[in-house]
Amino acid sequence: MIGGLSDSLNLAKKLTFNKAWNASRVLSGYYRSRLSGDPFQTGLPISLAFEPTTSCNLRCPECPSGLRSFTRPTGMLGEPLFRDVIDQLSSTLAYLIFYFQGEPYLHPSFLNMVQYASSKGIYTATSTNAHYLTEETARMTVESGLDRLIISIDGVTQESYQSYRIGGSLSKVIEGTRTIVAMKRRLRSKTPHLIFQFLVVRPNEHEIQPVYQLARELGVDQVVLKTAQIYDYQNGSDLIPLNEKYSRYRKNANGTYSIKNALDNHCWKMWHSCVVTWDGKVVPCCFDKDAHFILGDLTKQPFKEIWFSEEYNSFRSSLLKSRSEIEICKNCSEGTRVWA
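Predicted model only: the values in this text are computed from it and were never measured.

Draft legend 1. How the structure looks around the pattern of salt bridges. Within the structure shown, the criterion is met by 13 salt bridges. For Arg139, the salt bridge goes to Glu136, with nearest N and O atoms at 2.3 Å. Placement of both Arg139 and Glu136 in helix 6 (residues 135-144) is noted, with a separation of 3 residues, approximately one turn of the helix. A relative accessible area of 42% places Glu136 in the partly exposed class. The partner of Asp279 in a salt bridge is Lys281, and the shortest N-O contact between them spans 3.5 Å.

If you want it as structure tokens, here you go:
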């Protein structure tokens, strides 16, 4: 495996003066806000996540898509809306993630949208359960210019894999991985950078080393371990790993669990990124899965108007004052690290 060096170099090649200058403004605004306690923002987002669809073929137990538990509307992203937002931000946007909830490859125009963003010089990434990587889809994926493809694997045996990826087939994941690796070689392409993402849960925590071996055998570029978000974690869960190193939570003396994150009163994500749902709603981050904190509607407002709005700054102000009181922040394992 080649790790993330070539991927990082690929991202760096896409940076322009405008993108670098914008990033510096975002970073300075973030630190000024932390020092003053008042929100200050002059730059546009460095990173953006778009939700292609809320549909998914699996039934993962801690996922709203898998549980079919959304209270918000469900559907698929319209390509005209996507292109309009990209046109507004292409000169400053460095990183675009085609994922929030759902399986991106279920959207019939998903790879057309990837190709459009790639043609604008934006680094593109997505996450998939790899059940739809046929030879034709793999060819279209490579030709779209997708820079990073994260494949959720979560087990090296069907038994451990399906303990979380309910309804999934490990053999399909492996077959899809082989297909995309072979297509990259056939088309002599270095992209997409392939990542095996291994969500560490109790049923698979003994398979961490084997997943690295499997990645080497298949020609995957990198393995990333990810801790699992558990919604009702206070009283424990059969999914929380026994090895606390791989858990977002620590076990207390009284047998209950608490999140490891200190929930300090600042969040890098609120300055450098946001999420756009399939129907154009702007929400603060990927922890707002049911879109409880809608900060604007891109079907009615231009992006800049939302990003610099009083409502958005009010939300930033609230987390600078007391982040632990914001519902979507209470189970957050991220946010405070710059460039995380």
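On we go.
Draft legend 2. View of the environment of Thr256. Position of Thr256 among the secondary structure elements: in the loop between strand 7 (249-251) and strand 8 (257-259). Given a relative accessible area of 26%, Thr256 falls into the partly exposed group. The spacing of Thr256 and Tyr233 is 23 residues in sequence and 8.4 Å in space, taken between C-alpha atoms. Reaching out from Thr256, the side chain makes a polar contact with the side chain of Asn254 at a distance of 2.6 Å.

Draft legend 3. Representation of the packing of helix 4 (residues 79-89) against helix 5 (residues 110-119) in the model. Remark: helix 4 packs on helix 5, axes separated minimally by 11 Å, with the N-to-C direction vectors making an angle of 15 degrees. It follows that helix 4 is roughly parallel to helix 5 by the angle criterion. The two elements helix 4 and helix 5 meet at a crossing, and its hand is right-handed. Residues Glu79, Phe82, Arg83, Ile86 and Asp87 of helix 4 form the contact with helix 5, whose participating residues are Asn112, Met113, Tyr116 and Ala117. Taken together, the residues of the contact of helix 4 with helix 5 break down into 5 nonpolar, 1 polar and 3 charged.

So, how was this worked out
- Residues numbered from 1 in each chain as written.
- Predicted model: local features only at pLDDT ≥ 70, side-chain atom pairs only at ≥ 80, totals over all residues.
- Heavy atoms only, no water.
- Salt bridge = Lys/Arg side-chain N within 4 Å of Asp/Glu carboxyl O.
- Helix = DSSP H or I, 4+ residues; strand = E, 2+ residues; numbered from the N terminus.
- Buried < 20%, exposed > 50% of the residue type's maximum accessible area, 1.4 Å probe, protein only.
- Polar contact = N/O pair within 3.5 Å; in protein donor to acceptor, adjacent residues only side chain to side chain.
- Axes fitted to C-alpha atoms, helices over the stretch in contact; angles between N-to-C directions.
- Parallel < 35°, antiparallel > 145°, perpendicular 65-115°, else oblique.
- Left-handed = near helix turned anticlockwise from the far one by under 90°.
- Contact = heavy atoms within 4.5 Å.
- Nonpolar A, V, L, I, M, F, W, Y, C, P; charged D, E, K, R; others polar.

Shape is all these values report; function is a separate question.
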